Structure formats: structure tokens, C-alpha cells
Amino acid sequence: MLRVIPYLFIGIVTSLYFFPISFTFLPDNINTKMMLSVVGIILFLYKSVKNEKIVMQQGLLMAVCIALIFSLICYISTDLNYTDDYSYANYIVSFSVWLGGAYAVCAFIRSVHGKIDFRILTLYLAGVCFAQCILAMLMDSIPVFRIIVDTYVNQGQEFLLEVNRLYGIGAALDPAGVRFSLVLVMISGLLSHDDKTRQSNVTIILLLVAFFTIAIIGNAISRTTILGLVTAIGYFVFSSGLFRLLIKLGSVRLGLLFGGLLLFAIVISVYLYNSNGAFHGYMRFAFEGFFNWVEIGEWKTDSTDKLNREMWIWPTDQRTWLIGSGLFDNFIYGTDVGYCRFILYCGLIGFSVFAFLFVYLGVFFSYYVPKYKIMFLIFIILTFAIWFKVATDIFFIYALFFCLDQFITPSEEELFDENSI
């Protein structure tokens, strides 16, 4: 039992980074992502002093430069428009906080496992997302548990309860759906390309259980998860080796396990849909588009109807198209569409730089990690697809990738021995 404690601790730390929360007994502007960033910066400075030099990976340096340029453009927009809305003028700060937090998470993982690679990171993220789905169901079905969590965790739960939405501990609405989507794609990548994973039936089953749990409950938490589900299944079908002329035994075993667990997930979901009122409601919400397609012959949801009817709001003058209005916060334009909000804030000039950052990150990692090239290309597609729904970004996942062993120079690796923390 004691051997499990370090892994449980790492899981909690990873969750506090991936699904940051604030505490009711601390100021609202302090969250766990910031706390981990402070720890990460301290660790980085300590190891840099010990190594007598500061090392920055070349690919990361380029990303920092792009983020700085974007922040500068946003600041110019606020200055020219005489606003004090620095939502993205401070993006380089948010960028640095995510990077510092990722450094801390990876340092903790490395202290327990002696290394950190894509496989280990994916296993932890899959476990965290699975746990968030279970926590959301427990909080929904056990009021006392929800009250205890809400007493100490501040995550805007008043609004979530008002609109009757499932939520975990830090996992709610579109931000949770974005994270679930990325992890679903990562699970598909691991199952498709990692030989060590494909050789272990236990690991495959655990990953598939997490996959289908996130696919079902994650969609009930946030329907944005459907983007990751569709791309992850497509990725898996394309890359798993099941449809090649020469099919390996491992691919057959993987396909059988995937099909078996898919059937099991469908049976359980149908049973709960017909026997549990709360689950029935959440499934109607999660897969509203599917139910509408079956029942009325049209794929639509209330969200997509509202999006198409009310949310596409564009600048009305050339100046705003070019450099924006310097206004982003407080839902001032009445739109949640990422493309609209970014362009209204910093214009096409700022948005182009911001978009280029995520194209660059996807291309960079697809080049240096060719085994997962398709996965990173999917991340680029997801970035632009997510902006149809919400104004956010996925640098937090790239920050973790930059801290993997593959992107640490030899002189830095020596600092991450098992006794370093």
C-alpha cells in the first residue's frame, strides 16, 4: 500500500496542474497552477546554479519569442484603444506560468520514476482525467461529498449548480472538454505506436477503460470532448495497424480488446440510460446532437444553434480588423467564439501571430518526435477547431512535452537523478 502513495501524490500534483483550482481560504487570484509554477522556477534556478549555466531548448526559445511578439501586439492594441484590458497583453506571463508548472510536474514524476517520457506522461494524464470523471459522478450523486469539496475549492460552482452541469475538482465546462480531447488523442497515440504498451494486456485494458469513461462522462461534463473523441477514434483506426495487408498479432489483440470494451461501454451506458434518471439526463445533454439526428433527422444542439444565430460577431471598421479594440474580458461583445474574440481584441495582426504559435509548436514536435507526427498534426487541427467554440489555447500540453527527457540536454539530465527532490 505504501508503494502506491508516491504515484497517488504525483497524480494529485498532475491534476492540480492540468485542472488548476483555487482554494476558498486563499485569495481568488492564486491557484494551484501558479503554486506549481513557483516550485518549478525554484527547481529550475537551483539546478541551473548547480550546473553553473542556464540552458533553454532551441525550440522553446522560438516559442517564447512568438509569445512575446503576440503579447507586445496585444499591449499595443490596448494602448492605441486606451483600454486597461490586458487579458492577452500578459500572455507571456501565462505562458511562463504554464511552463514553470510543467517543469515542476515533470520534476516530481522524474523523482519517482527516474525518467519521464511520452508513455509515462500519458498514463498519468489518462489517470487524472479518468479520476475527474469519477469525481464528477460522485459529487453529483453524493451531496455531502460535493458540499465538502465546494467548501474548500473555488471553481465557480455557483454557476455550475445553477445551470445543472457536472463538474469535477477543477474540471468543468469547455476547458475540461479541451483537456479531455487532448488526452483521448494521446491515449490513441500511445496504443497505436508504443510497443511496451501494446505488449501489456493490463495496460491496454486500463487505458481503454479510461478512454471510454472520458468519452462518455467527459462529454457530459463538456460536449467539447466530442472533438477529441472523433479525432482519437479516427487516429486509432488509421494508425493501429488493423487495416493493413499484413496485420500483426499485437494489432489483432488490441482490436479485440478495443471492440470488447466498446461493446461493454455501450451495454452499460444503455442500461444506465434506461434505469437511472440522472444518467439519462446527462446522456441526453452529452450526445444531444446524436439524439436529435436519430429523432428528428438533424444533427444540432442548443449550443450550435445559439452559436450560429448569435455568436458570430465581427469588427465593423478597418482599424478593429487590423489591430483590434483592446477589449476581451467581461464578455463585452456577447460572443464566446474564439476567432471573434481574438480578432476583436487584437485584430488580424495579433491573431495571426497567435495562430502561428500553435502551428509552429505542432510542426516542431511532429518533426522531432516523428513517431507521434500524426498526433501533433491532430493537435494543430484541434486548436483551430476549438476556436469555433471558445477562446482558449493548449500551450499547457506543449509545456509538458518540452519538459520530457527527450528535450532535456545531457547536462540537465544529470540534475534529475532520483535523489534530486
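Please refer to the structure higher up on the page.
Residues numbered from 1 in each chain as written. Predicted model: local features only at pLDDT ≥ 70, side-chain atom pairs only at ≥ 80, totals over all residues. Heavy atoms only, no water.

**Remarks on the overall build of the chain**
How we decide: Runs of E in the DSSP output that reach at least two residues are strands. Runs of H or I that reach at least four are helices, and both are numbered from the N terminus. Every radius of gyration here is taken over C-alpha atoms, with the globule rule written as 2.2 Å times N^0.38, N being the number of residues. Per-residue accessibility, obtained with a 1.4 Å probe over protein chains only, is compared with the maximum for each type, and a residue is labelled buried under 20%, exposed over 50%, and partly exposed between these values. Between two residues, a contact is recorded if the distance between any of their heavy atoms is within 4.5 Å. All accessible areas in this document rest on Shrake-Rupley with a 1.4 Å probe, and a residue is counted as covered only by the protein chains that are shown. Two residue types count as positive, namely Lys and Arg, and two as negative, namely Asp and Glu; His and chain ends fall outside the count. For the purpose of locating charges, the reference atoms are NZ of Lys, CZ of Arg, CG of Asp and CD of Glu.
Scanning the chain from terminus to terminus reveals 20 helices and 2 strands. Here the C-alpha radius of gyration of the chain, 22 Å, is about what a compact globule of 421 residues would show, namely 22 Å. C-alpha extents for the chain along the principal axes are approximately 60 × 60 × 50 Å. Residues classed as buried in the chain amount to 51% of the 421 residues present. For the chain, contacts bridging at least 24 residues in sequence account for 72% of all contacts bridging at least 6. Of the roughly 20,200 Å² of accessible surface on the chain, a fraction of 67% belongs to carbon and sulfur atoms. Computing the positive centroid from 26 side-chain charges and the negative centroid from 29, the chain places the two 9 Å apart.

**Some thoughts on empty space enclosed by the protein**
Note the following rule: A 1.4 Å probe that fits into a set of points on a 1 Å grid over the protein atoms alone but cannot get out defines a cavity; an open set with protein on both sides within 12 Å along at least five of seven lines defines a pocket, and lining residues are those with an atom within 4 Å of a point. Grid points are joined across faces, edges and corners, and a volume is the space filled by probe spheres set on the points. Charged residues are taken to be Asp, Glu, Lys and Arg, nonpolar residues to be Ala, Val, Leu, Ile, Met, Phe, Trp, Tyr, Cys and Pro, and polar residues to be all remaining types, Gly included.
This model, assessed by the stated rule, comprises 2 cavities of 30 Å³ or more. Volume-wise, the second largest cavity comes out at about 50 Å³. In this structure, the second largest cavity is lined by L327, F328, F331, I332, Y333, G334, T335, R341 and L344. Taken together, the residues of the lining of the second largest cavity sort by class into 6 nonpolar, 2 polar and 1 charged.

**Focus: the side chain of S37**
As a reminder of what qualifies: For this analysis, a polar contact is any N or O atom pair within 3.5 Å, provided that within protein one partner can donate a hydrogen and the other can accept it, and provided that sequence-adjacent residues contribute only side-chain to side-chain pairs.
As for its placement among the helices and strands, S37 is situated in helix α2 (residues 32-51). Residue S37 is classed as buried on the basis of its relative accessible area of 5%. Within the structure, the side chain of S37 is placed 3.3 Å from the backbone oxygen of V97, a separation counted as a polar contact. Discounting residues that sit within four places of it in the chain, S37 has contacts with S96, V97, G100 and G101.

**Details of the layout of surface pockets**
The gaps of empty space that remain are located by a probe, the size of a water molecule, rolled over the atoms. Here the second largest pocket defines a volume of roughly 740 Å³. Taken together, 25 residues form the lining of the second largest pocket, with L123, Y124, A126, G127 and V128 sitting closest to its centre. Put simply, the parts of the chain that give the lining of the second largest pocket at least two residues each are α1 (4-18), α5 (118-141) and α10 (201-221). No other element matches the 11 residues that α5 contributes to the lining of the second largest pocket. Of the residues contributing to the lining of the second largest pocket, the split by class is 18 nonpolar, 6 polar and 1 charged.

**Focus: helix α3 (residues 58-80)**
Basically, it comes down to this: A helix's residues, less one, multiplied by 1.5 Å, set its expected span.
Its 23 residues give α3 an end-to-end C-alpha distance of 33 Å, which sits within 8% of 33 Å, the value for a rise of 1.5 Å per residue. At its buried positions, α3 is contacted by α4 (91-113), α16 (318-323), α17 (338-368) and α19 (395-402).

**A word on the nonpolar core**
Formally: Take the buried residues of types Ala, Val, Leu, Ile, Met, Phe, Trp, Tyr and Cys, join any two whose side-chain atoms come within 4.5 Å, and each joined set is a nonpolar core.
Counting residues in hydrophobic clusters, the biggest one holds 125 residues, and the most contacted among them are F379, F395, I397, Y398 and F401. When residues of this core are assigned to their parent elements, the largest contribution, 17 residues, is made by α17. Contact partners of F401, with chain neighbours within four places excluded, come to F118, L121, M186, F365, M375, F376, F379 and F407. By size, the runner-up hydrophobic cluster in this structure holds 8 residues, among which are I21, F23, V149 and Y167.

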